[in-house]
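Reading the structure
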Amino acid sequence: MFRNLSIQCRNLGLLYPLQSQHCHTGVQSTGEILKGTWYPPHQYHSNSHEEGLHTSSTLPLDDVPPKNAKVVVCGGGMVGTSVLYHLAMLGWGADTVMLEQGRIGGTSSWRGSGFLGGVKLIKPEMNVLQSSKRLAQELAEAGHDTGWKQSGGLHLARARDRMTHFRKMKAIAEARGTECYMLTPKEVSEKCEILNTSDIVGALWVPEDGVCDSYKLTYTLLKLALEKGSHVVEECQLSRVVVHDHHRVVAVETSKGMIECDYIVNTGGLWARKIGQMSEPHVKVPVHPAEHYFLYTQPLDEINPMMPAVRDPDANIYMREFNGGFLCGGFEKWAKPSFEREDLPGQLQERDQLEDWDHFHVLLKEMLHRAPIMKNSVLGRLSNTSCAFSMDHRWIIGMVPELTNYLVAAGLRSGGSSAAGGIGSIIAELIVHGVPPLDAYDLDTLRFLPAHNNIKFLADRVREVPGIHYSIAYPFADFTTGRCLRMSPIFPKLKAAGAVFGQVMGYERPSYFQPKEIVDAEDYSGDSDNSAPFHMAVTKTWTKPLWFHYAADEYAACRERVAILDYSSFAKYDVWSKGSEVVQAMQYLCSNDVDIPVGGIIHTGMQNSCGGYENDCSLARIAPNHYMMIAPTIQQTRCGTWLKRNLPADGSVVMSDVTSMYTAICIMGPLARQVLSELTDVDLSTKAFPFFSFKEIDVGLTNGIRAMNITHTGELGWVLYIPNEYALHVYSNLVSVGKKYDMLHAGYYAMRSLRIEKFYAFLGQDLDSTTTPLECGRGFRVKLSKKIDFIGREALERQKKEGVRRLYVQLQLQDHNPEVDPWAWGGEPIYRNDVFVGITTTTGYGYTLNNLICLGFVRKYDENGEMAYVTPDYVMDGDYEVDVAGVRYSASVTLRSPSLPCKFPEPQDNRYLATQT
């Protein structure tokens, strides 16, 4: 395949042409290539000790660590150095020590790509990237050498769907103040004439983006931190993290002595998971290394020093100018895990792998295609190093659930120049002030379960994760590896019924169901890149999805007949005490009044000190001293952590995660009462078993089924919490009886449409730790008159008195054609009277309203661009538009749950409104 390529490798002055796909260069190691090059040591970021010696000789490092410190930072890469720098800038320099097991300046993040900026659909990621870019710019403007160049960022597209993705990115970036342009292929050639544009359909141009020299930037941060009194110790191996009373770190044990500390920050990169295992209890840091390639060439006259930072995501490659030559890399679609047996290297030079040209040739071919002049280049070095990737491709930032003073910043993929500056600021602010400078709900450590830290799971998943980096961010994107991890007992029955599964918190749950004739025709054998022998939900379109009509049928069954749904993935906790202690404890944790009669159910938030949501749940009072808590699936770790940290320390109140003990089956729809009545002798009438109530009932031949008259969508129905050993029996009986009522199976997509149409907010999608009940129409669930104080009360009282700065709204697109126009999938800018006022959180098709529905928050900005107090009158008095992939569609707005027609309406006094003004 590479027979005619003239790119050459240089090893000790010898030239090795790449003659074929399977040709090996004869190079023994990257170190041998390096010896023959002309660059100064730091410019290639050598894996030898020369670089570390160079850095150490010019900086005042400590020979031994201090015996006491406020903060110990474990890992001297770019992220650790950024944390050190930001702590120093906040006045904690003299009280912070950073430990590096090798030589300072030798970790791979010091030799990263140096890309700064970029556009992301997820706000926290975008904020981190912009913060990192500003840091490099400000340091450069202050006279420090960071290698910063505002070269601009060029994102190429080979496919129309990629252009739609870019238009979505442009819309949200411009709304937030970042200048962006869509380019034609001709305009791309004008921006960078060395690029081959024959196969692209356009590009996204971000003129304010640029590049830095990762080594120089990290060196500058380290130097400035040391000037503020920070301590840095190299060649210092961590052996143990000492924990007191199973909840707080008190010291770290190293090869150079013990250090007592108040906080520990794990910035170990490749070693972050291993460091997590040095404490008791272990801290889960679900990262795994995979090979990552950097290609450096020697200088080439045709390269402009201000060449844009080029990303070609459809080819999985990136390239930039570096010291007159090319610096290129890529995130191959299927990566190679490294150190699968956990035999992690002790030093950086052992971390680098042999150059695997057979594996790299796919990326190299694309590089040569995109920049044909590269064929005239002389190779300086191909670096194959191991980088740590998280199990879901996102960064891991924040306080861990296992310990109260242990923080993690890990999973930064290749290097960290693009994100390290912003992440260091988040960690430092969290330590010094107790709150981060921005909400990082999507990135925190509480999104994982212990199962996610399993090494075999991680090794399987990491094959796929690097390729996600440049994938099109289609709706409901999911992984094909690491599947079949958590399944309810009725999973085989659901699969046979045509379920198409999506995964959340490792749990396989039906997204929708296909007809039996399609299921029977499918082969479930799987393939080499698919660890799940069943249908996986895929939505590879920005327009009307292929599953639209399946979800429509399921939706209709939920509203007009009866449907059966699997709710097993919901997080479930039992909380109890010997006496009334549990009532007092839950009153303190909850903003609603949860001292309800036995058999009642109440919906409540658990707020933090700022009034934001830490949990949003339903509480069923099982007994005077016993509650069962139901929360969103993604809240399982968050629930347990919040309870553990805020329940009485004397052990008078006990909690237990019972998520895996119960199969939860929902029977939903106006005929649900008839179906369930045939299997139980309990009176299910509205008077005997009203909405928001609980009973233990018999179903079929079983007993002890916790039945709750609540569906989380506002439809009539019951959720049955069934001990797992009874699950198949109950399910089979329900399906058998349901046939006479034309009952259908329904999945998550139908449930999602139901709740969006009814204006129900969900935690993790619409609500986060910065959202208060008063902002999202749930003030009626906050009981400020409770005699018992609760967390967040003071903040909510103040907000109620002063007013709110945003309000939760439902928008219906007015001039949108769902048959041909791109859909709103979440993250779209909202405009009021042509002024940007917010972002959609979740969106979906309302099958009753026959329209696309968008949920989100509307803000009001003053003349200085600051958020001002907003009122319902302000919200309702305006003309609204939603920007969907660059096209603005007019929209109507409401602050209340709509009244939807129903074939079998319940009495109006039982009607439940999830959102009220």
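Structure shown above.
Residues numbered from 1 in each chain as written. Predicted model: local features only at pLDDT ≥ 70, side-chain atom pairs only at ≥ 80, totals over all residues. Heavy atoms only, no water.

1. Re the sheet that holds strand β33 (residues 744-745)
Spelled out, the test is: Strands are labelled as partners when DSSP assigns at least two bridges between them. We count a stretch as a helix when DSSP gives it H or I for four or more residues in a row; a strand needs E for two or more, and each element gets its number in order from the N terminus.
Spatial ordering of the open sheet is given by β30-β31-β32-β29-β23-β33, a layout of 6 strands whose pairing is mixed. Edge strands, defined here as strands with exactly one partner in the open sheet, are β30 (694-699) and β33. Bridge analysis of β30 against strand β31 (residues 702-708) gives 5 bridges, and the strand direction is antiparallel. Across the sheet, the residue bridging to Lys695 is Ala707, located in β31.

2. A few points about the packing of aromatic side chains
Spelled out, the test is: Note on aromatic contacts: the rings of Phe and Tyr and the six-membered ring of Trp form a pair at centre separations within 6.5 Å, being stacked when their planes are under 30 degrees apart, edge-to-face when over 60 apart, and tilted otherwise. Three exposure classes are used, based on accessible area relative to the maximum for each residue type with a 1.4 Å probe and protein chains only: buried under 20%, partly exposed in between, and exposed over 50%. A ring is scored as having a charge over it whenever the NZ atom of a lysine or the CZ atom of an arginine sits within 6 Å of its centre and within 35 degrees of its normal.
Scanning the model with the defined rule gives 32 aromatic pairs in all. The interplanar angle of 75° and the centroid separation of 5.4 Å between the aromatic rings of Phe491 and Phe534 together place this pair among those described as edge-to-face. Of the two residues, Phe491 sits in helix α15 (residues 491-496) while Phe534 sits in the loop between α16 (516-521) and α17 (548-560), which places them 43 residues apart along the sequence. Assessed through its relative accessible area of 9%, Phe491 is described here as buried. A network of ring pairs unites the aromatic residues Phe476, Tyr512, Trp547, Phe548, Tyr550, Tyr555, Tyr748, Tyr749, Trp823, Trp825, Tyr845 and Tyr847 as a single cluster. Sitting above the plane of the Phe479 ring, Arg461 keeps its charged end 4.1 Å from the centroid. Stacked on the ring of Phe762, the Lys or Arg Arg755 has its end atom at 4.5 Å from the ring centre.

3. Concerning the packing of helix α5 (residues 123-141) against helix α8 (residues 214-227)
When two helices pack together, their arrangement is given by the angle between the helix axes and the distance between those axes. Stated formally: Convention adopted: a line fitted to C-alpha atoms gives each axis, helices being fitted over their contacting stretch, and angles between N-to-C directions are expressed from 0 to 180 degrees. Any angle that is under 35 degrees is reported as roughly parallel, and any over 145 degrees as roughly antiparallel; angles of 65 to 115 degrees are reported as roughly perpendicular and all others as oblique. Residues are treated as being in contact if the distance between any of their heavy atoms lies within 4.5 Å. When residues are sorted by character, Ala, Val, Leu, Ile, Met, Phe, Trp, Tyr, Cys and Pro go into the nonpolar class, Asp, Glu, Lys and Arg into the charged class, and all the rest, Gly among them, into the polar class.
The contact between α5 and α8 brings their axes to 11 Å, and the two run at 70°. Taken as axis vectors, α5 and α8 run roughly perpendicular relative to one another. Here Leu135, Ala136 and Leu139 of α5 come into contact with α8, specifically with Leu217, Thr220, Leu221 and Leu224. The residue makeup of the contact of α5 with α8, split by class, is 6 nonpolar, 1 polar and no charged.

4. Some points on α8
Because the α-helix completes a turn every 3.6 residues, residues three or four places apart line up on one side. Definition in use: In this analysis, the expected span of each helix is defined as 1.5 Å times one less than the number of residues it contains.
For α8, which comprises 14 residues, the first-to-last C-alpha distance of 20 Å matches the rise-based estimate of 20 Å (1.5 Å per residue) to within 8%. A large share of α8 lies buried, amounting to 11 of its 14 residues. Those residues of α8 lying buried are Ser214, Tyr215, Leu217, Thr218, Tyr219, Thr220, Leu221, Leu222, Leu224, Ala225 and Leu226. Backbone geometry just downstream of α8 places Gly229 in the positive-phi region, at approximately 95°.

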